[in-house]
Amino acid sequence: ILTRILLFIQIIALLKGSFRFVDKYGQPTDGTELALLLYGGGTVCDDDFDDHDANIICQAAMGRLYILEAWETAEEWSSIQSRYQIAIDNVNCASAENWSECSYITDHNCKHNEDVLLNCTLTDLEGFDNLSK
């Protein structure tokens, strides 16, 4: 029954096109620690991924007051990675100020060792002022 619940959650997330984070055990996490990034119920590939993309995603997933703390490629991070399809690749937010302006593809050439791990943090007000300019 747990598998059916997870599948249902993944289908709902895919329909919503939303970001979420899971830990090494597949449990949802709030994104304030290094965790597997999911979009629409699948993983995000690191091809063309950079700090600006990660920062835009932190804000899309958690709100405007959140910024990138760290991101890295998953390598062999956890066996839970194989539970998910790879949802998006070639994320590009180069000139974007929010997620709706970013581009990506759903037809990928990735393996799970290229999954993105992301850690977002609450910014201070000075950092927020700089981001909003």
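Residues numbered from 1 in each chain as written. Predicted model: local features only at pLDDT ≥ 70, side-chain atom pairs only at ≥ 80, totals over all residues. Heavy atoms only, no water.

1. Re the overall build of the chain
Across its full length, the chain holds three helices and eight strands. In the chain, the succession of α and β elements from N to C terminus is α-β-β-β-β-α-β-β-β-β-α. Every one of the 133 residues in the chain was classed for burial, and the buried ones make up 43%. Of the contacts formed within the chain by residues at least 6 apart in sequence, a portion of 71% connects residues at least 24 apart. (Helix = DSSP H or I, 4+ residues; strand = E, 2+ residues; numbered from the N terminus. Buried < 20%, exposed > 50% of the residue type's maximum accessible area, 1.4 Å probe, protein only. Contact = heavy atoms within 4.5 Å.)

2. With respect to the environment of Ser100
Positionally, Ser100 belongs in the loop between strand S6 (86–92) and strand S7 (103–105). Residue Ser100 is classed as exposed on the basis of its relative accessible area, which comes to 65%. Sequence spacing of Ser100 and Ala60 is 40 residues, and the spatial spacing of their C-alpha atoms is 9.0 Å. A polar atom in the side chain of Ser100 sits 2.5 Å from the side chain of Asn98. (Polar contact = N/O pair within 3.5 Å; in protein donor to acceptor, adjacent residues only side chain to side chain.)

3. Structural notes on the pairing of strand S8 (residues 116–122)
It is a general feature of regular strands that their side chains alternate between the two faces of the sheet. Among the seven residues of S8, five are classified as buried, and the element is accordingly described as predominantly covered. By the bridge criterion, seven bridges tie strand S5 (residues 66–73) to S8 in an arrangement that is antiparallel. Counted as the bridge partner of Ile67 is Thr121 from S8. (Pairing = 2+ DSSP bridges.)

4. Some points on the environment of Thr32
Note that Thr32 resides in the loop between strand S2 (28–29) and strand S3 (35–39). Residues Thr32 and Cys58 lie 26 residues apart in sequence; the distance between their C-alpha atoms is 9.6 Å. Leave out the neighbours within four places in its chain, and Thr32 touches Met62, Tyr66, Asn119 and Cys120. Side-chain polar atoms of Thr32 contact the side chain of Asp30, separated by 2.6 Å.

5. Some thoughts on the state of the cysteines
With the rule as written, the count across this model stands at three disulfides. Note that Cys58 is cross-linked by a disulfide to Cys120, the S-S spacing being 2.1 Å. Between Cys58 and Cys120, the S-S torsion sits near -85°, and that sign places the bridge as left-handed. On the criterion of sequence distance, the pair formed by Cys58 in helix H2 (residues 51–62) and Cys120 in strand S8 is long-range, its members being 62 residues apart. Residue classification places Cys120 among the buried residues on the basis of a relative accessible area of 1%. Here Cys93 is linked by a disulfide to Cys102, with a sulfur-sulfur distance of 2.0 Å. Judged by the sign of its S-S torsion, about 115°, the bond between Cys93 and Cys102 is right-handed. You can call Cys102 buried: its relative accessible area is 11%. (Disulfide = S-S within 2.5 Å.)

6. Let's talk about the side chain of Asp89
Tracing the chain through its elements places Asp89 in strand S6. Summary of buried charges: Asp89 has no salt-bridge partner, and the nearest side chain of opposite charge, Lys111, is 13 Å away. The residues touching Asp89, leaving out its near neighbours within four places in the chain, are Cys45, Asp47, Tyr104, Ile105, His108, Asn109 and Cys110. (Lys, Arg positive; Asp, Glu negative; His and termini not counted. Salt bridge = Lys/Arg side-chain N within 4 Å of Asp/Glu carboxyl O.)

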